[in-house]
Amino acid sequence: MNILNFARRPSGPAASDTAALAALMQDFSIEVMPRTAAKIEDFRSILPAGTRVYLAHIDGTEFSEMLAAARRLADEGFAVMPHFPARGIASRAELEARIGAYSDVGVRQALVIAGGIATPRGPFADSMQLLETGLFDRAGFNHLHVAGHPEGNRDIDPAGGEDTVMAALRWKSDFQTRTDASMAIATQFAFEAGPIIDWAGRVRAAGITLPVHIGIAGPAKLQTMIKFAMACGVGASLRVLQRRAADLSNLILPFEPTEILTGLARHKAANPDFAVERVHLFPLGGITATTDYTAALAARPLRARA
């Protein structure tokens, strides 16, 4: 994909920030679920060709739904990256079957995660155990991404620290030397640039060299944002939403991520070694709300592709 050509907008970034924003937003990715994806007639009308589309596997979703969505998105020319939740996979044979089924429809990418299930249904409790099977490499998967949490993960570190999370990321960073696939960290969303910048610095200080694809929530009602932030344990930057909610007039307008994106873009422009390389969008307010936002931010027309 070409670098997005940002134009000056009255409520958008200053002219001096447009190049930095364009660089940060180059090759952004987006996350969808099979049932919400089914509501989009043709993704080619709303996303740049070749966009990476993460396919979220929420517990309870039938694998047949995942596979059908993956096939459809691959056929439309997108780079499909389905979730592989370790704790939801009952056996090595099931893992191999899933990888094979995705491979058959043209998928060569995976987001390998532990999953939000308290008790594993099979032999896998975390993403490292999935990676160690070697099955992704054997099937020719060329991108393997893992999860990151800029504001911590109390499922992994209940006390609120990050020692265990950082140790796991170091293992995964080392694993990249044993796989033929490109690896990256795809993170949970946050609402403030500062905590992300601080976390990315700690990642590099810990010797973790994987590039970071930072999770950003797309436009949504403020009430929706707060609900998701509380459910996902996004704590430190939740105060941004709470401050905004104190002004009742803000409850009418959707929350947009322009401020956080601009902050990250400025930091990356000033610090080329910044760990964040790309943006991963969570369409909390709906897929088209997010894709309309990226199109407006880039000032490029939306048109269906043949």
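An account of the accompanying structure is given in this report. Since the model is a prediction, treat every value here as computed from it, not as a measurement.

Comments concerning the overall build of the protein
Reasoning step 1: From N to C terminus, the protein includes twelve helices and ten strands.
Reasoning step 2: Going through the 306 residues of the protein one by one, you find that 50% of them count as buried.
Reasoning step 3: Taking contacts inside the protein between residues at least 6 apart in sequence as the whole, the part at least 24 apart equals 78%.
Reasoning step 4: Summed over all atoms, the accessible surface of the protein reaches about 13,800 Å², with 51% contributed by carbon and sulfur.

Some points on the packing of aromatic side chains
Reasoning step 1: Under the counting rule described, the total for this entry stands at ten aromatic pairs.
Reasoning step 2: Relative to phenylalanine 141, the ring of phenylalanine 84 has its centre 6.5 Å away and its plane inclined at 80°; by these criteria the two rings are edge-to-face. Linking phenylalanine 84 in strand S3 (residues 79–85) with phenylalanine 141 in the loop between helix H6 (135–138) and strand S5 (143–148), this pair joins segments that are 57 residues apart in sequence.
Reasoning step 3: Taking relative accessible area as the criterion, phenylalanine 84 reaches 1% and is therefore assigned buried.
Reasoning step 4: Between tryptophan 171 and phenylalanine 175, the aromatic rings sit 5.4 Å apart at their centres with planes inclined by 10°, giving stacked as the arrangement. Here tryptophan 171 and its partner phenylalanine 175 are both found in helix H7 (residues 163–175), four residues apart, which amounts to about one turn of the helix.

Focus: the nonpolar core
Reasoning step 1: By size, the foremost hydrophobic cluster in this structure holds 70 residues, and its most contacted members are Phe43, Phe84 and Phe136.
Reasoning step 2: With residues near it in sequence (within four places) discarded, phenylalanine 84 still touches Ile89, Leu95, Arg98, Ile99, Tyr102, Ala110, Leu111, Val112, Ile113, Leu130, Phe136 and Phe141.
Reasoning step 3: Phe189, Phe191, Phe282 and Leu284 belong to the second largest nonpolar core, which has eight residues in total.

What about the sheet that holds S3?
Each strand in a sheet pairs with another by means of backbone hydrogen bonds, the pair being arranged parallel or else antiparallel.
Reasoning step 1: The strand order around the closed barrel built from eight strands is S1-S2-S3-S4-S5-S6-S7-S10, with neighbouring strands paired in parallel fashion. Strand-to-strand twist of the sheet, defined as the mean angle between neighbouring strand axes without regard to direction, takes the value 30°.
Reasoning step 2: Note that strand S7 (residues 212–217) and strand S10 (residues 276–282) share six bridges and pair parallel. Paired with isoleucine 214 across the strands is valine 279, a residue of S10.

Focus: the side chain of threonine 51
Reasoning step 1: The residue threonine 51 is located in the loop between helix H2 (34–37) and strand S2 (52–55) in this model.
Reasoning step 2: A polar contact of 2.6 Å, which involves the side chain of threonine 51, links it to the backbone oxygen of proline 48.

Observations concerning helix H4 (residues 92–104)
Residue pairs spaced three or four apart in an α-helix point in one direction, given the helix's 3.6 residues per turn.
Reasoning step 1: An ideal rise of 1.5 Å per residue puts 18 Å on 13 residues; H4 measures up with 18 Å between its terminal C-alpha atoms.
Reasoning step 2: Among all positions of H4, only Leu95, Arg98, Ile99, Ala101, Tyr102 and Ser103 are buried.
Reasoning step 3: Contacts made by the buried residues of H4 are with helix H3 (63–75), S3, helix H5 (127–132) and H6.
Reasoning step 4: Note on H4: the residue one or two positions beyond its end, glycine 106, has a positive phi of about 100°.

A few points about the pairing of S10
Reasoning step 1: Within S10, five of the seven residues are buried, which leaves it mostly tucked inside the rest of the structure.
Reasoning step 2: In terms of strand pairing, strand S1 (residues 29–32) meets S10 through two bridges, oriented parallel. Looking at S10, one finds that isoleucine 30 is bridged to leucine 281.

Section: the pairing of S3
Reasoning step 1: The element S3 is extensively covered by neighbouring structure, given that seven of its seven residues are classed as buried.
Reasoning step 2: Side-chain alternation along S3 places Ala79, Met81, His83 and Pro85 on one buried face and Val80, Pro82 and Phe84 on a second face that is also buried.
Reasoning step 3: Examined bridge by bridge, S2 and S3 share four bridges and lie parallel to one another. Looking at the pairing, arginine 52 lines up with alanine 79 of S3.
Reasoning step 4: Bridge count between S3 and strand S4 (residues 109–113): three bridges; the pairing is parallel. What sits directly across from histidine 83, in S4, is leucine 111.

Criteria and thresholds
- Residues numbered from 1 in each chain as written.
- Predicted model: local features only at pLDDT ≥ 70, side-chain atom pairs only at ≥ 80, totals over all residues.
- Heavy atoms only, no water.
- Helix = DSSP H or I, 4+ residues; strand = E, 2+ residues; numbered from the N terminus.
- Buried < 20%, exposed > 50% of the residue type's maximum accessible area, 1.4 Å probe, protein only.
- Contact = heavy atoms within 4.5 Å.
- Areas by Shrake-Rupley, 256 points an atom, 1.4 Å probe, with all protein chains shown as cover.
- Phe/Tyr/Trp six-rings, centres within 6.5 Å; stacked < 30°, edge-to-face > 60°.
- Core = buried A, V, L, I, M, F, W, Y, C linked by side-chain atoms within 4.5 Å.
- Pairing = 2+ DSSP bridges.
- Axes fitted to C-alpha atoms, helices over the stretch in contact; angles between N-to-C directions.
- Polar contact = N/O pair within 3.5 Å; in protein donor to acceptor, adjacent residues only side chain to side chain.
- Expected span 1.5 Å × (residues − 1).

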